[in-house]
Amino acid sequence: MKSIKVVAAIIVKDEMIFATQRGYGEFKDGWEFPGGKIESGESEQAALIREIKEELKAEISVGKLLHVVDYDYPSFHLTMSCYLCTLKSDSITLMEHEAAKWLRMDDIDSVEWLPADIEVVEALKSTRK
């Protein structure tokens, strides 16, 4: 089975979490944390900064690693390193996603998360306890 290694940004602002809705591909319309694949020779943090610039035209500061997901989709294995991040400015422009929203922890289950991202949502909930 093919393995894919990606990074995801858990962007936090005013006790809210930023979620994006995929606008393309096999998982179109599913909700996820923004991010993407790590290029050869790139650190996870550098990949995350680059991906957020490409996907959201936004600048972020990468904080601590929150969670690593290992998830088997039907056609590939996903390893996703998820970092807590903050925006350097409030400007966000969706370049690849069809929608986005800021979710309070009380509303975090109000969207249809992609399967691998559900584990990250659970990790976020456990940090509140």
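Before reading further, recall that the structure is shown in the block above.
To start, this report covers the structure provided alongside it. In this text, all values refer to a predicted model and were calculated from it rather than measured experimentally.

1. Digging into the nonpolar core
Core analysis: the largest hydrophobic core is formed by 27 residues, its most contacted members being Phe33, Met80 and Trp113. Elements supplying a minimum of two residues to this core: strand 1 (2-13), strand 2 (16-22), strand 5 (60-72), strand 6 (76-87) and helix 2 (115-127). Among the elements that take part in this core, helix 2 stands out by supplying five residues, more than any other. Aside from chain neighbours lying at most four places away, what touches Trp113 is Ala19, Trp31, Glu32, Phe33, Leu103, Ile108, Ile118 and Val121.

2. What to know about helix 1 (residues 44-56)
Taking 1.5 Å per residue as the helical rise, helix 1 with its 13 residues ought to reach 18 Å, and the 18 Å between its terminal C-alpha atoms agrees with that figure. Two residues or fewer after helix 1 comes Lys57, characterised by a positive phi angle close to 50 degrees.

3. A closer look at unusual backbone geometry
With phi around 80 degrees, Asp29 is a residue other than glycine that occupies positive phi space. Tracing the sequence through the fold places Asp29 in the loop between strand 2 and strand 3 (31-32). Classification of Asp29 by relative accessible area gives partly exposed; the value is 38%. Backbone geometry places Lys57, a non-glycine residue, at a positive phi of 50 degrees.

Definitions and limits used
- Residues numbered from 1 in each chain as written.
- Predicted model: local features only at pLDDT ≥ 70, side-chain atom pairs only at ≥ 80, totals over all residues.
- Heavy atoms only, no water.
- Core = buried A, V, L, I, M, F, W, Y, C linked by side-chain atoms within 4.5 Å.
- Buried < 20%, exposed > 50% of the residue type's maximum accessible area, 1.4 Å probe, protein only.
- Helix = DSSP H or I, 4+ residues; strand = E, 2+ residues; numbered from the N terminus.
- Contact = heavy atoms within 4.5 Å.
- Expected span 1.5 Å × (residues − 1).

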